[in-house]
Amino acid sequence: TKTGQPVQRFVSVDTGFAYLLGRFLGDGCTFRNNNHPSFEVDAFNVAFNTTTEGEHVRKMIELFEQSFGLTPNVIVSQNNTTYIRKASLIVGECLRRLVGSGFDTKRIPSVIWASSRDVQSEFLRGVYDADGFVTAFGELQIEMTNPQLITDIQSMITTVGVPSSRSQNRLYAGATHSSNFRSS
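Keep in mind that this is a model prediction, so the values were computed, not measured.

K.L.:
Is there a simple way to think about the pattern of salt bridges in this case?
P.N.:
Side chains bearing opposite charge may pair, as long as their charged atoms lie close to each other. Scanning the entire structure with this criterion turns up 7 salt bridges. For Asp-27, the salt bridge identified is with Arg-23, shortest N-O distance 3.1 Å. Taken as a pair, Asp-27 and Arg-23 lie in helix 1 (residues 15-27) at a separation of 4 residues, close to a single helical turn. Here Glu-122 and Arg-125 are joined by a salt bridge, their closest N and O atoms 2.6 Å apart. Placement of both Glu-122 and Arg-125 in helix 5 (residues 117-131) is noted, with a separation of 3 residues, approximately one turn of the helix. Judged by relative accessible area, Glu-122 falls into the buried class, the value being 14%.

K.L.:
In this structure, what is going on with the nonpolar core? I would like to understand it.
P.N.:
When a protein is soluble and globular, its nonpolar side chains tend to lie buried together. Membership of the largest hydrophobic core comes to 36 residues, with the highest contact counts inside it found for Leu-20, Met-60, Phe-64, Phe-123 and Ile-153. Within the residue set of this core, elements represented by two or more residues are helix 1, strand 2 (43-49), helix 2 (54-68), helix 3 (89-99), helix 5, strand 6 (140-144) and helix 6 (147-159). Ranked by residue count, the leading element in this core is helix 1, at 7 residues. If we ignore the near neighbours within four places in the chain, the residues touching Phe-123 are Ala-18, Tyr-19, Leu-21, Gly-22, Leu-25, Ile-108, Pro-109, Ile-112 and Met-156.

K.L.:
Help me out: how do you make sense of the side chain of Thr-81 in this one?
P.N.:
By the secondary structure assignment, Thr-81 is in strand 4 (residues 81-86). Only 3.2 Å separates the side chain of Thr-81 from the side chain of Asn-79, close enough to count as a polar contact.

K.L.:
Would you explain the sheet that holds strand 1 (residues 28-31) in this entry?
P.N.:
Sheet strands associate in pairs through backbone hydrogen bonding, adopting either a parallel or an antiparallel arrangement. In space, the 4 strands of this open sheet follow the order 1-2-4-3, with antiparallel pairing throughout. A single partner strand is all that each edge strand has here, and the edge strands are strand 1 and strand 3 (73-76). Within this sheet the neighbouring strands show an average axis-to-axis angle of 25°, counted without direction. Bridge count between strand 2 and strand 4: 6 bridges; the pairing is antiparallel. Note on strand 4: the bridge partner recorded for Val-46 is Ile-84. Across the face of the sheet, helix 1 comes into contact with strand 1 and strand 2 while running at roughly 80° to strand 2.

K.L.:
Before we go on, may I ask you to explain the packing of helix 5 against helix 6 in this structure?
P.N.:
To characterise two packed helices, one gives the angle between the axes of the helices and the distance between these axes. Running from amino to carboxyl end, helix 5 crosses helix 6 at an angle of 135°, the nearest separation of the two axes being 10 Å. Judged by the inter-axis angle, helix 5 sits oblique to helix 6. Helix 5 and helix 6 meet at a crossing whose hand is left-handed. On helix 6, the residues that touch Arg-117, Gln-120, Phe-123, Leu-124, Val-127 and Tyr-128 of helix 5 are Ile-153, Met-156, Ile-157 and Thr-159. Considered class by class, the residues forming the contact of helix 5 with helix 6 number 7 nonpolar, 2 polar and 1 charged.

K.L.:
Explanation requested: helix 6 in the structure shown.
P.N.:
Because each turn of an α-helix spans 3.6 residues, side chains separated by three or four positions end up pointing in the same direction. Between the first and last C-alpha of helix 6 there are 18 Å, a value that for 13 residues agrees with the 18 Å anticipated at 1.5 Å per step. Of the residues flanking the start of helix 6, the one acting as N-cap is Asn-146, its side-chain oxygen 3.2 Å from the backbone nitrogen of Gln-148. Taken from the residues just after helix 6, Gly-161 is the one with a positive phi, measuring 95°.

K.L.:
Which parts of the structure should I look at to understand unusual backbone geometry?
P.N.:
Most peptide bonds take the trans form, and the phi angle of most residues other than glycine is negative. In the Ramachandran plot, Asn-80 falls in the positive-phi region, its phi being about 70° despite a non-glycine side chain. Checked against the element boundaries, Asn-80 lands in the loop between strand 3 and strand 4.

K.L.:
Hey, could you run me through the packing of aromatic side chains in this one?
P.N.:
Two descriptors summarise a pair of aromatic rings, namely the distance from one centre to the other and the angle between the planes of the rings. Applying the stated criterion to the full structure yields 3 aromatic pairs. With centroids separated by 5.9 Å and ring planes inclined at 70°, the aromatic side chains of Phe-17 and Phe-68 adopt a geometry described as edge-to-face. Within this pair, whereas Phe-17 is found in helix 1, its partner Phe-68 is found in helix 2, the two being separated by 51 residues in sequence. A relative accessible area of 2% means that Phe-68 is categorised as buried. Here Phe-64 and Phe-68 contribute two aromatic rings whose centre-to-centre distance is 6.0 Å and whose plane-to-plane angle is 25°, an arrangement assigned as stacked. Here Phe-64 pairs with Phe-68, and both are found in helix 2, just 4 residues apart, close to one helical turn. By relative accessible area, which is 0% here, Phe-64 ends up buried. The rings of Phe-17, Phe-44, Phe-64 and Phe-68 are connected pair by pair, giving a single aromatic cluster. Lying over the aromatic face of Tyr-19, Lys-59 brings its terminal NZ or CZ to 3.7 Å of the ring centre.

Reading the values: rules and limits
- Residues numbered from 1 in each chain as written.
- Predicted model: local features only at pLDDT ≥ 70, side-chain atom pairs only at ≥ 80, totals over all residues.
- Heavy atoms only, no water.
- Salt bridge = Lys/Arg side-chain N within 4 Å of Asp/Glu carboxyl O.
- Helix = DSSP H or I, 4+ residues; strand = E, 2+ residues; numbered from the N terminus.
- Buried < 20%, exposed > 50% of the residue type's maximum accessible area, 1.4 Å probe, protein only.
- Core = buried A, V, L, I, M, F, W, Y, C linked by side-chain atoms within 4.5 Å.
- Contact = heavy atoms within 4.5 Å.
- Polar contact = N/O pair within 3.5 Å; in protein donor to acceptor, adjacent residues only side chain to side chain.
- Pairing = 2+ DSSP bridges.
- Axes fitted to C-alpha atoms, helices over the stretch in contact; angles between N-to-C directions.
- Parallel < 35°, antiparallel > 145°, perpendicular 65-115°, else oblique.
- Left-handed = near helix turned anticlockwise from the far one by under 90°.
- Nonpolar A, V, L, I, M, F, W, Y, C, P; charged D, E, K, R; others polar.
- Expected span 1.5 Å × (residues − 1).
- Phe/Tyr/Trp six-rings, centres within 6.5 Å; stacked < 30°, edge-to-face > 60°.
- Lys NZ or Arg CZ within 6 Å of the ring centre and 35° of its normal.

The structure is reproduced here in structure tokens:
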């Protein structure tokens, strides 16, 4: 670009890029930064817990540099959240087209479905790092409010050979539910 940081022309769909997409699926978003009013998105953002996820922030910065040749900005807010963010029309649009935008429309990218088991496993690791946790019983658990995405993630977990179960929980006194599944 003439005013921004150049972006690599090709991206390799490897384990690093798969992790980046998984983490982005859980904690990322694309948005309009108003730099390009004729485009739907022109920037991206990924959120992290400032206290516990410093290593994850460094890893994602490195993966954006390796995958796109782009160094995102780091913003530390007062509410214990660290963001990596960049105004990049190309990367923002790439992420939107691959993963979707908004929690209710995000999907597993077709390039991940078509990839090796190692790539799919690393994608799932990114999703777990974003939205998963380990229960008191030592099980991996993930919670999301997008029912189609949780179905897709459970299918991929089965594809890579990990048994899982699924349940649905009411989040609060309303119609919103979260789906979750456990893997042991």
